[in-house]
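So the chains spell out like this:
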Amino acid sequence: MSLLKIRNIGIAAHIDAGKTTVTERMLFFTGVTRKLGEVHDGQATMDFMKQEQERGITIASAAISCNWNEHIVNIIDTPGHVDFTVEVERSLRVIDGMVAVFCGVAGVQPQSETVWNQADRYKVPRIAFINKMDRTGADFEEAVNSIDKYLDANPVPFQIPIGSEDNFQGCIDLIKMKAVYFQEFDKTEEEIPKELEEKAKQARLFLVEKLADFDDELAELYLSDGEIPQQLLKKVAREATIKLLITPVFCGSAYKNKGIQTLLDAIVNYLPSPVDKGAVIGTDVNNPEKTHTRAPSTKEPFSALAFKLIHDPFVGQQTFIRIYSGKLTNGMRVFNATKIAYERIGRILRIHAKERNEINEAGPGDIVALIGMKFTKTGDTLCDENHPLHLENIFIPPTVIEMSVKAPNKNEEKKLGEALNKLAMEDPSFNMRFDEETNETIISGMGELHLEIIVDRLKEEFGVQAIVGEPTIAYRETLTLEVKEGYKYVKQTGGKGQFAETVMRIEPNPGKGFEFIDQIKGGAIPQEYIPSVKKGIEQTLQRGILADSPIVDVKVVLIDGSFHAVDSSDRAFQTCASICFKQGFLKAKPILLEPMMKIEVNTPDDYIGAVTGDLNKRRGRIESMRRHRKGSQKLNGFVPLKEMFGYATTLRSLSSGRANYSMEFSHYSPLSKDMQEKVLKEYQEKKSQKK
């Protein structure tokens, strides 16, 4: 099929705007599903993880292919909850166009803004669909105004509704100037009802006026009151949408099967094909300053981006990729430029949520799943080995919240470890490590809901009933003074003894991580033991000293030492260096660093005092306050994550549910002396309880 006939689209929205229902109906009308799935009865095709069905929210972006009007539409479903923004970013990176779903009653909601801003960042053309027009309180004009006011999106209605709330029957197509009615699963076109003729004329005039700004031929016809051909309007509208100049707006009620066929027409008519999006730009593997472009053509060298890993109980790990150029065939060898490793392509699958069709080859614009990849993870670039390049990596923020998990009994330990490894492979914003002192596995992620879902999946998918602790903050440790320290390690037990001596200078190294410098003169420590000294220090850095948190930004200079021809060994020098570093670190005024979050709060003017007062109580620092939109302000600042547990609930009650916030990790910052004492005391108490 021609590349011009492919549409890679994402569907994004606020939680509960009806996004999954819209997707479900699209699959139904394109003939992919024979039964209608509903979110509230846990039957939706896209929400195929059990946690999604229970919570009625979409978590993993599944990719599904369907056909409409001789076009292939690949739909990437995206989550609408802020803890899963990594998923949204990931899908925006690989789609060419987006359908933004809004609720006809609520209009623009907080998460719609977050997703909209992310789509702006990736320059994704979009159309808007005002859903739930059959609900009490639905108001099409108000919803369009809120898109204009809050998202600055230049919305242009391409339809207006016929009736609203219980009386919603269909819409008027302003390009064809026909009334479209939806009965059960059929749509019929009729003449516009008399009472709506004037309103439709005005709306059509507004549409033509807006589009005339972008095309001279259309402007001339408009000014001379000439007959405007439908094809010209569609052509200009398509160009303006792809250049992000306008956002076409459509309406309907997905739940009642109204407006879905016209939305599918709009996706085909106005959203870009891979050709419209043009060439993708990547950087040179050896020289990041140099760029390479890959046009969407089978004649170009192969290039693709892995954007999702899903573990499937039947076929094992599926690696979802978006192909930008070239051709991929079964058995082909490709180069993973991110991992610098070769992969052999096993099977290529085209996916429809849980069903999969095997294909032999795939080309530009295709979104497929690969089976049998050994090294490839999310965000990796796959390419032709003779023409390597890095496609832009997907930005993944560091994890900020931790929780201990342990298996209920010895037999389950191995199962827990394997399950966590698989989850960490799928989700780069989730990490795990083992704490030897407390014998617990510590998992870390982007927020409370993120870790809750992980624990749920352990139970449902992997059958592990993990015992979980309270969520805690991921601290770091560092030092503030330069210190010289020496230590002699001597152990005499019957037979061979242990001997090592090290003298080192330990210095702060702000922002530069760990540096190790060897300044041993005259063989005071033999060359073969220098790596042992470094290894001993590195192990201590990982474990931490004050509060078992990793130690960062330290420079260690090894200046002297001594050895014993018989008793010195790799192990002796590791132990000696570790003890020497610990002693020095404790003398160097060590401090704890806590994660600081960059926060943005949008609040109506009435609540500004309450919101700022509350942030100050949480040790927050407000950097700027600016007029956001009429009647509301945007606050920007920094606040310690420790103070942000349960903030969503507080903000909701402070502002009667009208303020919203988003936060992301910014940097690590030193704790005040009082706070540090408090945190260390809590840590010691917790530790003694565990023992």
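Just so it is clear, the structure is predicted and the values come from calculations on it, not from any experiment.

**As for the pairing of strand β9 (residues 178-183)**
Bridge count between strand β8 (residues 170-173) and β9: 4 bridges; the pairing is antiparallel. Looking across to β9, one finds that aspartate 173 is bridged to lysine 178. Adjacent in sequence and paired antiparallel, β8 and β9 are bridged by 4 residues, among which methionine 177 carries a positive phi angle near 55°. The sheet contact formed by β9 and strand β10 (residues 186-190) spans 5 bridges and is antiparallel. Along β10, the bridge assignment pairs glutamine 183 with aspartate 186.

**Looking at the packing of aromatic side chains**
In this structure the tally under the stated criterion is 11 aromatic pairs. For the ring pair phenylalanine 28 and phenylalanine 29, a centre distance of 5.5 Å and an interplane angle of 80° mean the geometry is edge-to-face. Considered together, phenylalanine 28 and phenylalanine 29 belong to a single accessibility category, that of buried residues. Arranged with centres 6.3 Å apart and planes meeting at 25°, the rings of phenylalanine 250 and tyrosine 270 form a pair that is stacked. One end of the pair, phenylalanine 250, is in strand β11 (residues 247-251); the other, tyrosine 270, is in helix α9 (residues 260-270), with 20 residues separating them in the sequence. For phenylalanine 250, a relative accessible area of 5% corresponds to the buried category. Exposure remark for tyrosine 270: the relative accessible area of 4% places this residue in the buried category. Of the aromatic side chains, those joined through ring pairs into one cluster are Phe28, Phe29 and Phe185. If you follow arginine 126 out to its NZ or CZ, it ends over the ring of tryptophan 116, 4.5 Å from the centre. In this arrangement the basic side chain of arginine 333 is found over the ring face of tyrosine 342, its NZ or CZ atom lying 3.9 Å from the centre.

**What to know about the packing of helix α6 (residues 197-212) against helix α7 (residues 216-223)**
In the contact formed by α6 and α7, the axes pass within 8 Å of each other and the chain directions differ by 135°. Here α6 lies oblique to α7, going by the angle between them. The two elements α6 and α7 meet at a crossing, and its hand is left-handed. Taking contact as the criterion, the partners of Leu205, Val208, Glu209, Leu211 and Ala212 in α6 are, on α7, Leu218, Ala219 and Tyr222. In terms of residue class, the contact of α6 with α7 is built from 7 nonpolar, no polar and 1 charged.

**Regarding a negative patch on the surface**
On the surface, a cluster of negative charge is contributed by Asp139, Glu142, Glu165 and Asp166. Its place among the elements puts glutamate 142 in helix α5 (residues 140-151). What makes glutamate 142 partly exposed here is its relative accessible area of 46%.

Quick notes on the rules
- Residues numbered from 1 in each chain as written.
- Predicted model: local features only at pLDDT ≥ 70, side-chain atom pairs only at ≥ 80, totals over all residues.
- Heavy atoms only, no water.
- Pairing = 2+ DSSP bridges.
- Helix = DSSP H or I, 4+ residues; strand = E, 2+ residues; numbered from the N terminus.
- Phe/Tyr/Trp six-rings, centres within 6.5 Å; stacked < 30°, edge-to-face > 60°.
- Buried < 20%, exposed > 50% of the residue type's maximum accessible area, 1.4 Å probe, protein only.
- Lys NZ or Arg CZ within 6 Å of the ring centre and 35° of its normal.
- Axes fitted to C-alpha atoms, helices over the stretch in contact; angles between N-to-C directions.
- Parallel < 35°, antiparallel > 145°, perpendicular 65-115°, else oblique.
- Left-handed = near helix turned anticlockwise from the far one by under 90°.
- Contact = heavy atoms within 4.5 Å.
- Nonpolar A, V, L, I, M, F, W, Y, C, P; charged D, E, K, R; others polar.
- Patch = residues over 30% accessible without salt bridge, like charges linked within 9 Å, V, L, I, M, F, W, Y side chains within 5 Å.
- Areas by Shrake-Rupley, 256 points an atom, 1.4 Å probe, with all protein chains shown as cover.
- Salt bridge = Lys/Arg side-chain N within 4 Å of Asp/Glu carboxyl O.
- Lys, Arg positive; Asp, Glu negative; His and termini not counted.
- Charge placed at Lys NZ, Arg CZ, Asp CG, Glu CD.

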